[in-house]
Amino acid sequence: MGVMDLQPKILPFSNVGEGLVLAGLCSCPFSVSSQLHTDFITWRGHLTKILTTPYENREGWLMAVTLFNGTYYMSEVETEEARCQREQRTEQQEEILYGGYKFEQYLCADKAEGSPDPSGVVNTNEGFCCVVRTRLDGHSLVFSGEVDCKDNSDPRLKPPQCYVELKTSREMYTPNQEKNFRRYKLLKWWAQSFLPGVPQIIAGFRDDSGTVISLQTFETMKIHHLVKNERGCWKPAVCLNFCNAFLSFVKQVVTLDNHRVATLFSWEPGKDITYTLHSDGAFSFLPGWYVGNVFGQSGTLGTAGEKVPDI
């Protein structure tokens, strides 16, 4: 395969997050009543952060949780450190972020019978998201996550088995770089694809100029085999047990059923999880159109009867 030039023509990036999963729920058959009969509703990226927490040693997180009509809604809050990093990104860092989207354009076609067209400008605001319903031990979850593309080579494969995740990473030249890749990056790749059941990850490795020079395919359920013999390696069971314990902890702590109230959970590497209760609306995040249209209630965040956003 030839090289792929990922040099940018940048359009603004926006994070639509939980709005998509809530809008998606409005069109799902299991949301027709006021009781969704699920414990947690969130965004796939939030669960990824929780799953990888046992092995994270650099970045903390903030998660706001609201209990409403028997369901726990979880939304990430940007930390001060993350905000500073975002605002101080260099041009090179922005180009690397864009390069991931450009890589998708090289590999994906707009239509099943079409061919990729990498000549145009990438619109980073577009994406396809799936809504997944699953369980983790005693917790039922509904979450949404972006899907990069689907593999049409086998018509027998149905979602999510036909989905493919696309990634880019820097080419590795030393054993230490390879070790760090397996220990840290593959952990996040595994967690991100494991949650919605995406079976395959195609990675493009780029040189220092931003050009992809090699491709490698990873099977999600076999990724941990690449690290299991390394000393101090990450283990899927540890990640899943931690996530399960955190969700149980949330249920113990958050007992007030009120869409205007949020409990903010905070974690920093090397420290215990702490939480604070906020009833002043500072961290409330359920939009008025969701509260009003789905449950026929109005709240401080909006007016009942607001139009559900198009998705």
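This text goes with the structure placed above it.
In short, a report on the structure.

Definitions and cut-offs
- Residues numbered from 1 in each chain as written.
- Predicted model: local features only at pLDDT ≥ 70, side-chain atom pairs only at ≥ 80, totals over all residues.
- Heavy atoms only, no water.
- Helix = DSSP H or I, 4+ residues; strand = E, 2+ residues; numbered from the N terminus.
- Buried < 20%, exposed > 50% of the residue type's maximum accessible area, 1.4 Å probe, protein only.
- Contact = heavy atoms within 4.5 Å.
- Areas by Shrake-Rupley, 256 points an atom, 1.4 Å probe, with all protein chains shown as cover.
- Pairing = 2+ DSSP bridges.
- Axes fitted to C-alpha atoms, helices over the stretch in contact; angles between N-to-C directions.
- Phe/Tyr/Trp six-rings, centres within 6.5 Å; stacked < 30°, edge-to-face > 60°.
- Parallel < 35°, antiparallel > 145°, perpendicular 65-115°, else oblique.
- Nonpolar A, V, L, I, M, F, W, Y, C, P; charged D, E, K, R; others polar.
- Core = buried A, V, L, I, M, F, W, Y, C linked by side-chain atoms within 4.5 Å.
- Left-handed = near helix turned anticlockwise from the far one by under 90°.

1. Looking at the overall build of the chain
Working step 1: Helix and strand content of the chain: seven helices and twelve strands.
Working step 2: When each of the 311 residues of the chain is scored for burial, the buried share is 43%.
Working step 3: A fraction of 64% describes how many contacts in the chain between residues 6 or more apart in sequence connect residues 24 or more apart.
Working step 4: Carbon together with sulfur atoms contributes 50% to the accessible area of the chain, which is approximately 16600 Å² in total.

2. Notes on the sheet that holds strand β5 (residues 128-136)
Working step 1: Strand order in the open sheet formed by seven strands is β5-β6-β2-β4-β3-β11-β12, with mixed pairing between adjacent strands. Of all strands in the sheet, those with a lone pairing partner are β5 and β12 (274-278), marking the two edges. This sheet shows a mean twist of 25 degrees between the axes of neighbouring strands, independent of strand direction.
Working step 2: Alignment of strand β3 (residues 61-68) against strand β11 (residues 262-267), held across five bridges, turns out to be antiparallel. Of the residues in β11, the one forming a bridge with Trp-61 is Trp-267.

3. Here's the deal with the packing of aromatic side chains
Working step 1: Under the counting rule described, the total for this entry stands at 16 aromatic pairs.
Working step 2: For the pair Phe-249 and Tyr-275, a centre-to-centre distance of 5.9 Å together with 70 degrees between the ring planes defines the contact as edge-to-face. Here Phe-249, found in helix α6 (residues 236-253), pairs with Tyr-275, found in strand β12; they are 26 residues apart in sequence, far enough to count as distant.
Working step 3: According to the relative accessible area criterion, Phe-249 is partly exposed, its value standing at 26%.

4. Remarks on the packing of helix α2 (residues 44-51) against α6
Working step 1: Interaxial distance between α2 and α6 falls to 8 Å at its minimum, and their mutual angle equals 110 degrees. Classified by the angle their axes make, α2 and α6 are roughly perpendicular. Of α6, the residues touching α2 (which contributes Leu-47, Ile-50 and Leu-51) are Cys-239, Leu-240, Phe-242, Cys-243 and Phe-246.
Working step 2: Along the lines of polarity and charge, the residues of the contact of α2 with α6 split into eight nonpolar, no polar and no charged.

5. A few points about the nonpolar core
Working step 1: If you look at the biggest cluster of nonpolar residues, it comprises 43 residues, and the most contacted ones within it are Phe-218, Phe-246, Val-250, Val-254 and Phe-265.
Working step 2: Non-local contacts of Phe-246, meaning those with residues more than four positions away in its chain, are made with Ile-50, Trp-61, Met-74, Phe-265 and Ile-273.
Working step 3: In this structure, Phe-68, Tyr-73, Leu-286 and Trp-289 belong to the second largest nonpolar core, which totals ten residues.

6. Digging into the pairing of β5
Working step 1: Of the strand pairs in this sheet, β5 and strand β6 (residues 139-147) are connected by nine bridges, and their pairing is antiparallel. When the bridges of β6 are listed, Cys-129 appears paired with Glu-146.

7. Digging into the pairing of β3
Working step 1: With respect to burial, β3 is a largely interior element, eight of its eight residues being buried.
Working step 2: With burial as the criterion, each face of β3 is covered, one bearing Trp-61, Met-63, Val-65 and Leu-67 and the other bearing Leu-62, Ala-64, Thr-66 and Phe-68.
Working step 3: Pairing analysis gives seven bridges linking β3 to strand β4 (residues 71-77), with the strands arranged antiparallel. When the sheet's bridge partners are listed, Ala-64 is paired in β4 with Ser-75.
Working step 4: Following β3, the chain reverses through two residues before pairing antiparallel with β4; Asn-69 in that reversal takes a positive phi of roughly 55 degrees.

8. So, the side chain of Ser-140
Working step 1: Looking at the secondary structure, you find Ser-140 in strand β6.
Working step 2: The contact partners of Ser-140, leaving out residues within four places of it in the chain, are His-37, Thr-38, Asp-39, Phe-40, Thr-134 and Arg-135.

9. Here's the deal with the packing of α2 against helix α5 (residues 175-194)
Working step 1: Orientation of α2 relative to α5, taken along the N-to-C sense of each, is 135 degrees, at an axis distance of 9 Å. With respect to their mutual orientation, α2 and α5 come out oblique. With respect to the hand of their crossing, α2 and α5 are arranged in right-handed fashion. In this structure, α2 contributes Arg-44, Thr-48 and Leu-51 to the contact, and α5 contributes Lys-188, Ala-191 and Gln-192.

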